[in-house]
Amino acid sequence: MLATAIITLTASVLEEEKAIILSVSCDDFFRKPFAEHTIVEALSKDLGLKYLYADMTLSGSIHNLENLLTSENLTVMTKEWIVRLYERSLEANVNLIMELIQ
């Protein structure tokens, strides 16, 4: 049977709340604001996960400075297209965003 990790995220600033929450079988406790890496580290520790990170450098043969999309590139696009890009960005769906950019 797989174990379930319970990680509490709160906006509360009360220190005594942390002790109460951890006493009811929570594995970790974080207050807002928190950095993304703290959550990743907690998941790694509590679930035994290991994360692989992609190399995001621009030195690869596919990526070069000529292929970077900038806000200046978007000035030639219609207002409708820019709104659709904005909406898809809010959805955080990379596939739809890339489809629209192509």
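Heads up: the structure comes first, above all this text.
So, how was this worked out
Residues numbered from 1 in each chain as written. Predicted model: local features only at pLDDT ≥ 70, side-chain atom pairs only at ≥ 80, totals over all residues. Heavy atoms only, no water. Helix = DSSP H or I, 4+ residues; strand = E, 2+ residues; numbered from the N terminus. Expected span 1.5 Å × (residues − 1). Buried < 20%, exposed > 50% of the residue type's maximum accessible area, 1.4 Å probe, protein only. Arc of directions from axis to C-beta. Contact = heavy atoms within 4.5 Å. Core = buried A, V, L, I, M, F, W, Y, C linked by side-chain atoms within 4.5 Å. Patch = residues over 30% accessible without salt bridge, like charges linked within 9 Å, V, L, I, M, F, W, Y side chains within 5 Å. Areas by Shrake-Rupley, 256 points an atom, 1.4 Å probe, with all protein chains shown as cover. Salt bridge = Lys/Arg side-chain N within 4 Å of Asp/Glu carboxyl O. Lys, Arg positive; Asp, Glu negative; His and termini not counted.

**Some points on helix H2 (residues 36-47)**
Given a rise of 1.5 Å per residue, 12 residues ought to cover 16 Å, and the 16 Å separating the end C-alpha atoms of H2 matches this to within 8%. Among all positions of H2, only Ile39, Val40 and Ala42 are buried. Buried positions in H2, seen along its axis, are confined to an arc of 160 degrees and lie on one side of it. Across H2 from its buried face, at more than 90 degrees, point the exposed residues Glu41 and Lys45. On its buried side, H2 packs onto strand S1 (7-10) and strand S2 (28-31).

**A few points about the nonpolar core**
Counting 5 residues, the largest nonpolar core is built from Leu74, Trp81, Leu85, Ile97 and Leu100. Contributions of two or more residues to this core are made by helix H3 (79-91) and helix H4 (94-101). Those residues in contact with Ile97, other than ones at most four positions away along the chain, are Leu85, Arg88 and Ser89.

**Thoughts on a nonpolar patch on the surface**
Together, Leu47, Leu49, Tyr51 and Tyr53 make up an exposed nonpolar region whose accessible area comes to about 420 Å². Here Leu47 is to be found in helix H2. Leu47 gets classed as partly exposed once you look at its relative accessible area, which sits at 41%.

**Quick look at the side chain of Arg88**
Among the structural elements, Arg88 can be located in helix H3. We note that Arg88 is buried and unpaired, the nearest opposite charge coming from Glu99 at a distance of 4.0 Å. Contacts of Arg88, omitting those with residues within four sequence positions, involve Asn93, Leu96, Ile97, Glu99 and Leu100.

The analysis is restricted to geometry; functional conclusions fall outside its scope.
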